[in-house]
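Structural features, examined
One letter stands for each residue in the lines below.
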There are 2 protein chains.
Amino acid sequence: MQKHADFAEFTELVPTAAIRTERHGWRAKCLQRLIRLDLPVPQTVALPTETVRAIAAGQMPDTAGIAAIFGPDFLVSVRSSPEKPEWGGPGTVLNVGMNDAVHAQLIESHGKEAADALYLRFVQIYAVNVARLDPDMFHDDPGPKALETALALYRAETDEPFPQSPARQLAEVLRSMARAWEGTTARLLRQAKGAPAEAPLGLVIQRMALGIGPGLSGSGEIQFVDSVTGLPRITGRFRGQSQGRKASEETLYLVHDPRGASLEEADPALFARLVEYGARCREHLREEMQIEFTIESGAPMLIDAVRVRRSGRAAVRIAVTLAEEGIISREDALLRVEPRALTELLHYQVDPRGAQDLLARGIAASPGAATGRIVFTASDAQASAARDEPCILVRRETVPEDVRGMHAAVAVLTERGGMTSHAAVIARGLGLPCIVGCADLAVNPRDRTVTAPDGRIFREGDVFTVDGTNGTVLAGAAEMLEPALDDGFRTLLRWADNVRDIGIRANADTPDDARTARMFEAEGIGLARTEHMFFDDDRLTLMREMIFADTPNDRRIALERLLPMQRADFTALFEIMAGLPVCIRLFDPPLHEFLPHDREGMRELAEALDRPLSEVTRRCEALREFNPMLGMRGVRLGVTVPEIYDMQARAIFEAAVEAGRRGAPIVPEVMIPLVSAAREVEIVKTRIDAVASAVRTEMKAEFTWRLGVMVETPRAALRAGEIAHHAHFLSFGTNDLTQMTYGLSRDDAGRFMSTYVKQGVYAEDPFHILDVEGVGELLLIGASRGRAARRDVTISVCGEHGGNPESIAFCRAAGFDYVSCSPFRVPVARLAAAHFAILAPKPKKRS
Amino acid sequence: MQKHADFAEFTELVPTAAIRTERHGWRAKCLQRLIRLDLPVPQTVALPTETVRAIAAGQMPDTAGIAAIFGPDFLVSVRSSPEKPEWGGPGTVLNVGMNDAVHAQLIESHGKEAADALYLRFVQIYAVNVARLDPDMFHDDPGPKALETALALYRAETDEPFPQSPARQLAEVLRSMARAWEGTTARLLRQAKGAPAEAPLGLVIQRMALGIGPGLSGSGEIQFVDSVTGLPRITGRFRGQSQGRKASEETLYLVHDPRGASLEEADPALFARLVEYGARCREHLREEMQIEFTIESGAPMLIDAVRVRRSGRAAVRIAVTLAEEGIISREDALLRVEPRALTELLHYQVDPRGAQDLLARGIAASPGAATGRIVFTASDAQASAARDEPCILVRRETVPEDVRGMHAAVAVLTERGGMTSHAAVIARGLGLPCIVGCADLAVNPRDRTVTAPDGRIFREGDVFTVDGTNGTVLAGAAEMLEPALDDGFRTLLRWADNVRDIGIRANADTPDDARTARMFEAEGIGLARTEHMFFDDDRLTLMREMIFADTPNDRRIALERLLPMQRADFTALFEIMAGLPVCIRLFDPPLHEFLPHDREGMRELAEALDRPLSEVTRRCEALREFNPMLGMRGVRLGVTVPEIYDMQARAIFEAAVEAGRRGAPIVPEVMIPLVSAAREVEIVKTRIDAVASAVRTEMKAEFTWRLGVMVETPRAALRAGEIAHHAHFLSFGTNDLTQMTYGLSRDDAGRFMSTYVKQGVYAEDPFHILDVEGVGELLLIGASRGRAARRDVTISVCGEHGGNPESIAFCRAAGFDYVSCSPFRVPVARLAAAHFAILAPKPKKRS
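Residues numbered from 1 in each chain as written. Chains lettered and ligands numbered in written order. Predicted model: local features only at pLDDT ≥ 70, side-chain atom pairs only at ≥ 80, totals over all residues. Heavy atoms only, no water.

1. Details of the overall build of chain A
Across its full length, chain A holds 32 helices and 31 strands. Structurally, chain A occupies a C-alpha span of about 105 × 60 × 50 Å along its principal axes. Burial statistics for chain A: of 847 residues in total, 57% are counted as buried. Long-range pairs, those at least 24 residues apart, make up 68% of the contacts in chain A with a sequence separation of at least 6. Accessible area of chain A: about 33,700 Å², with a carbon and sulfur share of 51%. Positive and negative charge centroids in chain A, built from 100 and 116 side chains respectively, lie 4 Å apart. (Helix = DSSP H or I, 4+ residues; strand = E, 2+ residues; numbered from the N terminus. Buried < 20%, exposed > 50% of the residue type's maximum accessible area, 1.4 Å probe, protein only. Contact = heavy atoms within 4.5 Å. Areas by Shrake-Rupley, 256 points an atom, 1.4 Å probe, with all protein chains shown as cover. Lys, Arg positive; Asp, Glu negative; His and termini not counted. Charge placed at Lys NZ, Arg CZ, Asp CG, Glu CD.)

Right, here's the structure in full:
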């Protein structure tokens, strides 16, 4: 290999050295910075990626050159230095250069026990990682003869004595690390962390600082913020004489602690220097760092420094504090917090430090943790809520009738289902902790028991803790961490709002949802589903009367009784969202969802309606559908049974007038579901216009409203141009659109989705991550045709995908006006949108 | 209005007159031709469309000019002359110019009775059509005083005497006819016949030929071919002294008839002249004409001539004969037969001339007529077939289990369902007469009775005739016409094949289907569904064993027993189709379709499988789906339970080798259903390739095969480029594609489709007529992307739409290679394709 300035085989880290992260890796770069800050770092050499690659390919490392720096009898460590810390890399090898001669010197200077321990550790790691001997043979086998045994084993297995040349040792260690990086496992691991498979590796060779010797000697780590809270607090550990002794011996606390001696007290001046080093790092590296240090006879050395590991809440606190102190910009602060990490801040969490009685793991379907007594039916959940007893609803799987029980529960646990099962979707909407697909638990709804894999049987009323963030079910009550919607959180999101350039609304059906949406500062409601409003007992009866009405007039009478209830629903939403837009989707589900499915339910219904059972059965039967998803629902009901939409429109307009009079002026948005032809929109629009006129006259009030179409059939996307002529806004319902584009029902996909994703048939579950290639193209077609027909048409996404960062990036690039998502995903969406605005400030519109 | 040569207010029809159909209408043009042929046509004047329009707008007709031609005391008829005969127009008004003076003359020359009758008829028609008096008052009230009464009534109602001026009468008649043409009813009627709403009208004024007088006088029509068969035969009628007497009097047969006197015998020379006139018309008008004539004292006059009305079979015979005689070209012959008219030739028909006991009307779902005893279950149908007794399967609606019963029946009748219900689709596929949605009949499957609207109750074994061509259910056996797959039919379709430029294949699942496909000269099988093959009793049991298999190995064992049956199925298809391509779609439906749905069925299944009922119930339950259409079917089964496709592929390849050895060489085409991602195709292809290699080795035979994808999800259309990399052909399954594009299940659409089409929400039922705007765009996208990725990829449509002329036009314009349709639609498709090739000979490829 030809050598010239920029392609040196290695570079010593001196303040003037040119070290680049993409060539030498993050660790080399970080150490170089510490050196520039004049911090006491042991002599260090960086091997750039091309050198490491050449070594992996068989080239002999330039150990002579290295020996010229460290001296012929060097004792060094070798650490990996990939471009990003999270990409991993082969583990550190300490004490390279250790041999009989050094061992003998160390016995003299530090005693046999310390010398043996250092040598033994190196022999072990060399035997396993370099000579590829069986790790079982080189287990840490304590005892005075351990070193001799290891050396003898090495000789027996390799037919040669343990190599004594430091140069040879180093060459072999470098080669083994370079090759390990090219192995399949390492590739897969780093790809999982987002690295390219062919990502290169740098290596760092550093003179060993032994941390042993007379006086205060040892090694440790120190950090200056709490990893869980992000608040200032010094934590870490210090092990005296540590390199050669067991960790438990001579351990000091870092700061004063009633439980024992501390470094702070043992050498206040040295401790102060460490703290000063920390402050210098923080300011110049512009990050909270965890510092690895050694002390040799009272003299500290900084061996390494890494970003402090941190929880979501700590990440927010650290980023905001650094920005408020002027160390980083607000934009940097925003970029330092991973949007999805915000989720854990919004919910109670099981405190990882407490005791946990783990029962089973399922799919973490909706984040947060809650403790409550287990119940097995929706009505038991309601009864429990009425007694103010927190309960957890446990079901095999949930159905629409369970929604009221979910409202009453503090968490939901189901034996079956996936990320997009009914329970999961509703729970995420409600911000309710939820675990689904917990197949390890056998739920027996008849006996009202749950059997754990260890055979324990739990009964109704027993206490569980459900941790929907990580999918664990615990017996009993676990210790909890509170949600962290603190100043830091609010400050960060306000900064996000200042930079982002796509709107974020919330999907919200109930006043509770709406309050959550406001709490998380959504810019309005992007989807208020109205059908959930009809599952309350009293309304359900009226709905059923409406469904069984023999004439349009009977139907109108039943609907007139539903009207004040709907109006109250909307008034509540409008008052909570005062001043913000509220988009109400007209009635969508097939009518049979409101009818009983079993004989007993039909008997009760027959009684309630005072009709013969045979008639009730026959009519329930007649409404049943082969493919309800593709049946008589949405605007098809609106066109064929127009009285329902008439009632809803009236309720919306009357509520808007009422709310306006009470000081909550609102421009209601009315959205038509399941449109497949422009004429459907025209027909519904004509009727709603008439209702609006009537309400204006009757209430002597002026108001405006906006009509929109939920684009959720492929045809609506294709015909968006025509449709936009009749609509102020188009909102893509990506759930249904995904179902129809794939020909795949969300409810039935669970049977094979995991197989499909595992085999790479689908790159991702398209109900979880927006399918950019198929569904996404329909979004682009729909948006561009809609805009071409009507320049000012508002375009948005209101499906489950709305809150995903990937979807936000897509919608923003396509020039959408806003996305709408579950209230609990609003913070994530606000931050993700800010990230994209910072990282790609001038979106090239694709529409 | 300015007058010059081309814009004369009227033109007398003399041989040199310039008469154009688009200006003067078809009737003027036709009469002008007769005049040029030197045929005796009474003096005639044509009013062009602009004159008629001006009259409708209020301009006075130039009656003076007309009187200058016909003389001041003219007696004329006025007939409408739109551009095409089928566009209708106001009815003919005879005897314009009739008044007291003419009446008096006629009394002298022809007697009072004849004179009164002529005058009365004119007064009646004038009062109703021109003066707009109540028709009830002017009912045909026979009696010697009828004329006086009518004239008195006229005066009483209008306060003026009946107008005596021929000029005024003519002016009023022309104005009333011109205005009637502009009326809403007339517009709607002609639009229904395909005319533009603003189509103009011409009028024809002709001197009356009275058909009364001494000697042989009268009027009649004559035609020279049979309207039902198209074969040469003189038919028509002649009424002596007809204009003034009742039709029944003095009626002559045209040709010798044992039942009475004939015109032929009454005046052979005159009759021969008529026949000669007919031959002249036929040759020069290049069409079989029906001629209206009068005879006054032995002198014949031709009043009018129209195209002979004809059945489908007559149309074919006439067109072929005219072409064979060199009167018209073969292309003209093709264009003269409406493709859909061929349908009736393929089936038995109820003879319209026989007696009929009409019970009810339903939706004519599959053409043809059949007579048989009614049965109510599939097994009764099979039993009946075993006894060789033709039976009609009567069901509320059919389910897949009924298919074997449909195979055994001669016709199917269901109370429910629409054009795209299960019964309708399967029956069309089988070419079985079928009526669905016959809601007037109450079918009681338990009692095995059918109750007719008139209260009659029919029981199992009673005889019905089902006419699936027009949707009528008749009690008892009706007289039948046989199918007409005669020389004419074959000749016409061979001519069609010579000009058409898009391939036509048939969808065929069974040997019977395949034989029909061959009989109708399909160019191969475009879709052989394999799942129907598993509904036979013995196979169903094996299928169920396969579904209930606990391990892949058990599954393979069950499949191995199915293998020889499948192989036999395919061998039969290949041998019948020898030399032509056969495209086999791999297994498509969800597995639960093969499981029983009721408790009794499950009990039997538990017994058959020797498993506990609870297990059978549980597993049937577990396989049930919310939206089967969007569930675990098609390639999703192929990927997750690959043993099924392995078995099918093996059966196909082994059959291909076997058939080849028996002299029926074939390149099997294997089609994967319900694809939504290219990777699905890759995975299945890899496995099938392996099966092909294994079969080649085991059978020591070489063969090639083609892999294709059924494009029936919107996503597959969008991703057709990627998919085409792995596929030799793409075939659009427009049924499913329509379902998914609209988000509309064919099985559930019946509830509102008629409302939707009536209200114009959808222009047409998209399951019936291809939705060009939505689904069609996906076809174009898929085809162009597929071609761009692989130039030689074969593109086709194999959904129900394939046989529709509209779809054929679309596919041809888009450059598709072929369409595939039910065997019984193949002739229609062949002819329709020929039409498009003639009418638009150089398709501009849209792909």
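More follows now that the structure is in view.
2. Focus on the interface of chain B and chain A
Contact residues are listed per partner, giving 48 residues for chain B and 49 residues for chain A. Overall, the association of chain B and chain A removes approximately 4,300 Å² of surface from exposure, summing both partners, and the carbon and sulfur fraction of that is 53%. For chain B, the biggest contributors to the area lost against chain A are Leu630(B), Arg715(B) and Arg751(B); these three give 15% of the whole. For the pair chain B and chain A, the number of links is eight salt bridges. (Buried area = accessible area lost by both parts, 1.4 Å probe. Salt bridge = Lys/Arg side-chain N within 4 Å of Asp/Glu carboxyl O.)

3. Details of the nonpolar core
In terms of nonpolar packing, the biggest core is built from 289 residues, with Phe574(A), Phe653(A), Phe816(A), Phe574(B), Phe653(B) and Phe816(B) touching the most fellow members. Residues contacting Phe574(B), with those up to four places away along its chain left out, are Val582(B), Ile584(B), Ile652(B), Ala655(B), Ala656(B), Ala659(B), Ala664(B), Ile666(B) and Pro668(B). (Core = buried A, V, L, I, M, F, W, Y, C linked by side-chain atoms within 4.5 Å.)

4. Things to note about the UniProt feature "active site" (unreviewed entry) in chain A
All names here are of chain A. The positions UniProt marks with the feature "active site" (unreviewed entry) are His422 and Cys798. Counting through the fold element by element, His422 comes out in helix H16 (residues 422-430). Each residue touching His422, except ones within four places of it in the same chain, is listed here: Thr398, Val399, Pro400 and Val403. Mapping Cys798 onto the fold places it in the loop between strand S30 (794-797) and helix H31 (805-813). Those residues within four positions of Cys798 in sequence are excluded, and the remaining contacts are Asn507, Gly526, Leu527, Met671, Met710, Ser731, Phe732, Gly733 and Ser820. (UniProt positions renumbered as here; feature names shortened; annotations may be inferred.)

5. A closer look at the relation of the copies chain B and chain A
The two copies are related by a screw motion: chain B maps onto chain A through a turn of 180 degrees and a shift of 0.1 Å along the axis, at an RMSD of 0.2 Å. Such values leave the two copies arranged in the relation of a two-fold axis. Within chain B, Asn627(B) has its C-alpha nearest the rotation axis, a separation of 2.2 Å. Take the interface residues of chain B: 100% of them recur as interface residues in chain A, which is what a same-surface contact looks like. (Least-squares fit on C-alpha atoms with pLDDT ≥ 70 in both.)

6. Structural notes on helix H32 (residues 826-839) of chain B
Each full turn of the α-helix corresponds to 3.6 residues, which orients residues three or four apart in the same direction. Residue and element names in this part refer to chain B. Counted at 1.5 Å a residue, the expected span for H32 with its 14 residues is 20 Å, and the 20 Å between its end C-alpha atoms agrees. Here H32 lies mainly inside the structure; twelve of its 14 residues are buried. For H32, the full list of buried residues reads Val826, Pro827, Val828, Ala829, Arg830, Leu831, Ala832, Ala833, Ala834, His835, Ala837 and Ile838. Packed against the buried residues of H32 are helix H13 (330-335), helix H17 (487-499), strand S24 (503-507), helix H31 (805-813) and strand S31 (818-821). (Expected span 1.5 Å × (residues − 1).)

7. Considerations on the environment of Gly526(B)
Residues and elements named next belong to chain B. If you trace the backbone, Gly526 turns up in strand S25 (residues 525-529). With 464 residues separating them in the primary sequence, Gly526 and Asp62 have C-alpha atoms 64 Å apart. Leave out the neighbours within four places in its chain, and Gly526 touches Arg505, Ala506, Asn507, Cys583, Met671, Cys798, Tyr818 and Ser820.

8. A word on the UniProt feature "domain: PEP-utilising enzyme C-terminal" (unreviewed entry) in chain A
With numbering matched to this structure, UniProt assigns "domain: PEP-utilising enzyme C-terminal" (unreviewed entry) to residues 489-836 of chain A. Secondary structure across residues 489-836 of chain A divides into 55% helix and 11% strand, with the first and last C-alpha atoms of the span separated by 19 Å.

9. What to know about the sheet that holds strand S18 (residues 442-444) of chain A
All names here are of chain A. What the three strands build is an open sheet, ordered S18-S19-S20; its pairing is antiparallel. Each having just a single partner strand, S18 and strand S20 (457-459) make up the two edges of the open sheet. Neighbour-to-neighbour, the strand axes of this sheet turn through a mean angle of 20 degrees, independent of strand direction. As defined by bridge partners, strand S19 (residues 449-451) adjoins S20 across three bridges and the pair is classed as antiparallel. (Pairing = 2+ DSSP bridges. Axes fitted to C-alpha atoms, helices over the stretch in contact; angles between N-to-C directions.)

10. Here we look at the sheet that holds strand S26 (residues 582-585) of chain A
All names here are of chain A. The strand order S24-S25-S26-S27-S28-S29-S30-S31 describes a closed barrel built from eight strands, whose pairing is parallel. Between one strand axis and the next, the sheet turns by 25 degrees as a mean value, whatever way the strands run. Relative to strand S29 (residues 729-732), strand S28 (residues 706-711) is paired through four bridges, and the arrangement is parallel. Residue Gly708 lies in a different strand from S29, and its bridge partner there is Phe729. Here helix H20 (residues 552-576) sits on the sheet and contacts strand S25 (525-529), S26 and strand S27 (668-672); the angle it forms with S26, its principal contact strand, is near 155 degrees.

11. As for the packing of aromatic side chains
Taken as a whole and assessed by the stated rule, the structure comprises 40 aromatic pairs over all chains. Between Tyr119(A) and Phe162(A), the aromatic rings sit 6.1 Å apart at their centres with planes inclined by 70 degrees, giving edge-to-face as the arrangement. Within this pair, whereas Tyr119(A) is found in helix H6 (residues 112-130), its partner Phe162(A) is found in the loop between helix H7 (146-158) and helix H8 (166-182), the two being separated by 43 residues in sequence. Comparing Tyr119(A) with Phe162(A), the two get one shared label, buried. Centre to centre, the rings of Phe535(B) and Phe594(B) are 4.8 Å apart; their planes meet at 15 degrees, and the pair counts as stacked. Of this pair, Phe535(B) sits in the loop between S25 and helix H19 (537-548) while Phe594(B) sits in the loop between strand S26 (582-585) and helix H21 (599-609); the two residues are 59 residues apart in sequence, bridging distant segments of the chain. Phe535(B) gets classed as buried once you look at its relative accessible area, which sits at 10%. A connected cluster of aromatic rings, assembled from ring pairs, spans Tyr119(A), Phe122(A), Tyr126(A), Tyr154(A) and Phe162(A). (Phe/Tyr/Trp six-rings, centres within 6.5 Å; stacked < 30°, edge-to-face > 60°.)

12. Some thoughts on the packing of helix H24 (residues 643-661) of chain B against helix H25 (residues 678-699) of chain B
Residue and element names in this part refer to chain B. Taken N-terminus to C-terminus, the directions of H24 and H25 make an angle of 40 degrees; their axes are 9 Å apart at the nearest point. What the angle tells us is that H24 and H25 run oblique. H24 and H25 meet at a crossing whose hand is right-handed. Across the interface between the two elements, Tyr645, Asp646, Ala649, Arg650, Phe653, Glu654, Val657 and Arg661 from H24 touch Val684, Arg687, Ile688, Val691, Ala692, Ala694, Val695, Glu698 and Met699 from H25. For the contact of H24 with H25, the residue count by class is eleven nonpolar, no polar and six charged. (Parallel < 35°, antiparallel > 145°, perpendicular 65-115°, else oblique. Left-handed = near helix turned anticlockwise from the far one by under 90°. Nonpolar A, V, L, I, M, F, W, Y, C, P; charged D, E, K, R; others polar.)

13. Details of the state of the cysteines
All names here are of chain A. Applying the stated criterion across every chain yields a total of zero disulfides over all chains. In this structure Cys583 is a free cysteine whose sulfur lies 6.8 Å from that of Cys798, the closest cysteine sulfur available. By relative accessible area, which is 0% here, Cys583 ends up buried. (Disulfide = S-S within 2.5 Å.)

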